[in-house]
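Residue strings, one per chain:
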Amino acid sequence: MNAVQFVREGFVEIREHYGRTLLQTLGVILGVASVVATLGMTAGMDARRQQYFRESGGTRLMGVYNQPPAELELTARQRARMGLTLEDAEAIRGAVDGFDLVVAEIARTHKVRAGATEVNLRITAIEPGFERMRDLGVARGRFLGEHDLATGASVAVLGSTRARELYGSANPVGKPLVVGDVTYTVIGVMTEKVFSFRRNSNHNAHEWMNRLLLVPITSYAKRHLGPTDDRIDEINLRLVSAEAHEEARDALEQLLRVRHGIDDFGVWDRHERIEQGNREGQVYNLTFLACGIIALLVGGIVITNIMLASFTERMREVGVRKALGATGWQVFVQFLVEALVVTICGAGVGLATGVLFTLGIGRALNVVMAFTPIMFVAAVGSAAVVGFLFGMYPAVRASRLDPVVALRYE
Amino acid sequence: MAPLISVENIRKVYGAGDVAVEALRGVNLTIDRGDYVAIMGPSGSGKSTLMHILGLLDTPSGGTYLLDGDEVSNLSRRRLAHLRNRSIGFVFQSFNLLPRASVLRNVELPLLYSGIGRRERQRRARGALELVGLADRIKHRPNELSGGQRQRAAIARALVNDPAVLMADEPTGNLDQQTGSEILALFNRLQQQGQTLIIVTHDQRVASCAQRVVQIVDGRILREQKRAA
């Protein structure tokens, strides 16, 4: 008897006992379905997260911001040296390897006037590298350039929402924009960025970029700050390689500590945050997976139970097969393959159920779902292992049956 | 040439100690190739036990059993299964066809366990079914057949691996007079073709067909009648 024949016998057994087979596999079906559904959900969220990071500058972002120390007793000297400066940004550029973009930033609120509209808005003064850093595009006009920075030109670039707020449907490019008492010229409007973690949701995770009002940091410093004031609010950084984030971060902190003589800054590190998120995701994944595996085990116990319950019914069959020359091994393999065929078919049905279920949940909750091949392999593989483990005992019992006893059984 | 079957002082005890039951108390029997032997006796005489031992379904508690000149009472279960598969064909009182399989698949079963390929299996199964006159029923399920047809399917299954001996346990027990006679006619024809037959029965008509009639009472052979061929 070869493998194909054993498998065929397994299918014959299923065909003859639809009801029993369905009962037998129900546990496996539900187990596999729940594994697929939970993995599909977490995989979907994960894919969404990845896309969010990709569309907002990638995984290589880092930043330094002002964070005054908790101790209140500072010397005048220390107080005088506190806070990030443009020189800090220069020093990082010159002394720390591992960053390919260093962008100083000042963000303050001013009274802004465009035509008849006058509102208080946050002005972000930056360097042109910010465009690449945050993957910003330009819909109209152009972005800030190096020569704007070099000459301290009074030019501004607007996010799409800002442009609409200030100028309505008119083209803002070339129009004046008064910040405080300084007049800038709008030279560009950025492309609208939209991202939502859920489907059909109005929430836009990228909206803050649409609300940017950017000017060159040199122009801003010249026109809005005093001659001795070179304080900035943040230094945006981009790593050459995300893997080397810890080394670069250490070097950065080292440098600033020496320059300031005090820990007056904080560092955010997107790569680290992503890794932390992944670790949390893994905990969820494992929890869900454990639930699925418990369901599969229960399914396996059901299989054993039903195989044993139908065992007396099949004793005569085993006796006949043995009388006709089946060896114990052949009977063993027949029963085991039968259990495997039943569980793998159950896994197939469970996969289909799980996929439909997942898509249904995704639609109902407006969550994006994703399926990966690994999930299918894991689900079917674990079902096969369950079939193997729980089919073993009935198979051993059948194979050890004494032919005379089995034949006499009525 | 050694006789096909030779048993000496075969004993079979069920249970142990006080509750031990002696089913066979020293049976001696020799069966040659081409013999047609009827084993008769009252219920509980041990005739079924004897046939189970001769058919290698059961092992004796004592004595020797030479099948085709080889001692078989101490063989492994695996070797016994192979011998049952290739040397012995069984026919049961209640047919014992697998209800879920077609007649053809039932008859193919012993060949399946011999590891014979599908094409050859079907060819030989069809041949055996033709021999018993059931060639037009191969796709049917056992429950779609009459009792006599079922028993003929079972006989085809027993013969399909060309066994040295065909053993039947009350083959006419579940059949009416007419159908029983048809089965006996089939046995006669097989005997004429040289098939060795051992039949356990109550049926006097079987005894009148067989060349040798062995009477068993209380676990011993009481007497044997031989009929001139």
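From a predicted model like this one, the values you see are computed outputs, not experimental measurements. (Residues numbered from 1 in each chain as written. Chains lettered and ligands numbered in written order. Predicted model: local features only at pLDDT ≥ 70, side-chain atom pairs only at ≥ 80, totals over all residues.)

Caption draft 1: Up close: the overall build of chain B. A tally of helices and strands in chain B yields seven helices and 10 strands. Computed over its C-alpha atoms, the radius of gyration of chain B comes to 17 Å, within 12% of the 17 Å expected for a compact globule of 229 residues. In terms of overall dimensions, chain B has a C-alpha envelope of 50 × 40 × 40 Å along the principal axes. Taking all 229 residues of chain B together, the buried fraction comes to 46%. Counting contacts in chain B only where the partners sit at least 6 residues apart, residues at least 24 apart contribute 68% of the total. (Helix = DSSP H or I, 4+ residues; strand = E, 2+ residues; numbered from the N terminus. Rg over C-alpha atoms; globule rule 2.2 N^0.38 Å. Buried ≥ 20, exposed ≤ 12 C-beta atoms within 10 Å, placed from the backbone. Contact = placed C-beta atoms within 7 Å.)

Caption draft 2: Layout of the interface of chain B and chain A. Between chain B and chain A, the residue contacts involve 19 residues of the former and 17 residues of the latter. Mapped onto the side of chain B that touches chain A, the elements with two or more residues apiece are α2 (77-87) and α3 (103-114) of chain B. Partitioned by chemical class, the residues of the side of chain B that touches chain A number nine nonpolar, five polar and five charged. (Nonpolar A, V, L, I, M, F, W, Y, C, P; charged D, E, K, R; others polar.)

Caption draft 3: Local environment of the sheet that holds strand β2 (residues 21-31) of chain B. Residues and elements named next belong to chain B. Read across the sheet, four strands follow the order β2-β1-β4-β5 without closing on themselves; strand pairing throughout is antiparallel. Unpaired on one side and paired on the other, β2 and β5 (70-71) mark the two borders of the sheet. When strand β1 (residues 5-14) meets β2, the two strands line up antiparallel, connected through eight bridges. By the bridge assignment for β2, V7 is matched with L29. (Pairing = 2+ DSSP bridges.)

Caption draft 4: Representation of the confidence of the model for chain B. Residue and element names in this part refer to chain B. When pLDDT is averaged along chain B, the result is 91; 99% of the residues meet or exceed 70. Element-level mean pLDDT values for chain B span from 86 in helix α7 (residues 204-209) up to 95 in strand β7 (residues 165-169). Across the interfaces of the predicted complex, the ipTM metric reaches 0.92, alongside a pTM of 0.72. (pLDDT = per-residue confidence, 0-100.)

Caption draft 5: How the structure looks around the sheet that holds strand β10 (residues 220-226) of chain B. Residues and elements named next belong to chain B. Strands sit in the order β6-β7-β8-β3-β9-β10 across an open sheet of six strands; the sheet is mixed. Among the strands making up the open sheet, the edge pair consists of β6 (88-91) and β10. The average angle at which neighbouring strand axes cross in this sheet is 20°, direction not considered. Of the pairings in the sheet, the one linking strand β3 (residues 36-40) to strand β8 (residues 196-201) comprises five bridges and is parallel in character. Within β8, the position partnered with M40 by the bridge is T201. Strands in contact with helix α5 (residues 147-159) are β6 and β7; relative to β6, the strand with the most contacts, it is inclined by about 170°. (Axes fitted to C-alpha atoms, helices over the stretch in contact; angles between N-to-C directions.)

Caption draft 6: View of the environment of V217 of chain B. Residue and element names in this part refer to chain B. The topology assignment puts V217 in strand β9 (residues 212-217). Linking V217 and S45, residues 172 residues apart in sequence, is a C-alpha distance of 4.9 Å. Non-local contacts of V217, meaning those with residues more than four positions away in its chain, are made with G41, P42, S45 and L222.

Caption draft 7: Examining helix α10 (residues 245-260) of chain A more closely. Residues and elements named next belong to chain A. For α10, spanning 16 residues, the distance from its first C-alpha to its last is 22 Å, which sits close to the expected 22 Å at 1.5 Å a residue. Residues H245, A248, R249, L252 and L256 constitute the buried set of α10. Each buried residue of α10 sits inside an arc of 95° when the element is viewed along its axis, so together they form one side. Of the exposed residues in α10, the ones pointing more than 90 degrees away from its buried face are E246, D250, Q254 and V258. Remark: G261 follows α10 within two positions and exhibits a positive phi of approximately 70°. (Expected span 1.5 Å × (residues − 1). Arc of directions from axis to C-beta.)

Caption draft 8: Quick look at the nonpolar core. With 108 residues, the main nonpolar core has V32 of chain A together with I39, A156 and I198 of chain B as its most contacted residues. Those residues within four positions of A156 of chain B in sequence are excluded, and the remaining contacts are V107, A128, L129, L131, V132 and L134 of chain B. L61, L84, V102 and L237 of chain A belong to the second-largest nonpolar core, a separate cluster that totals 50 residues. (Core = buried A, V, L, I, M, F, W, Y, C linked by C-beta atoms within 7 Å.)

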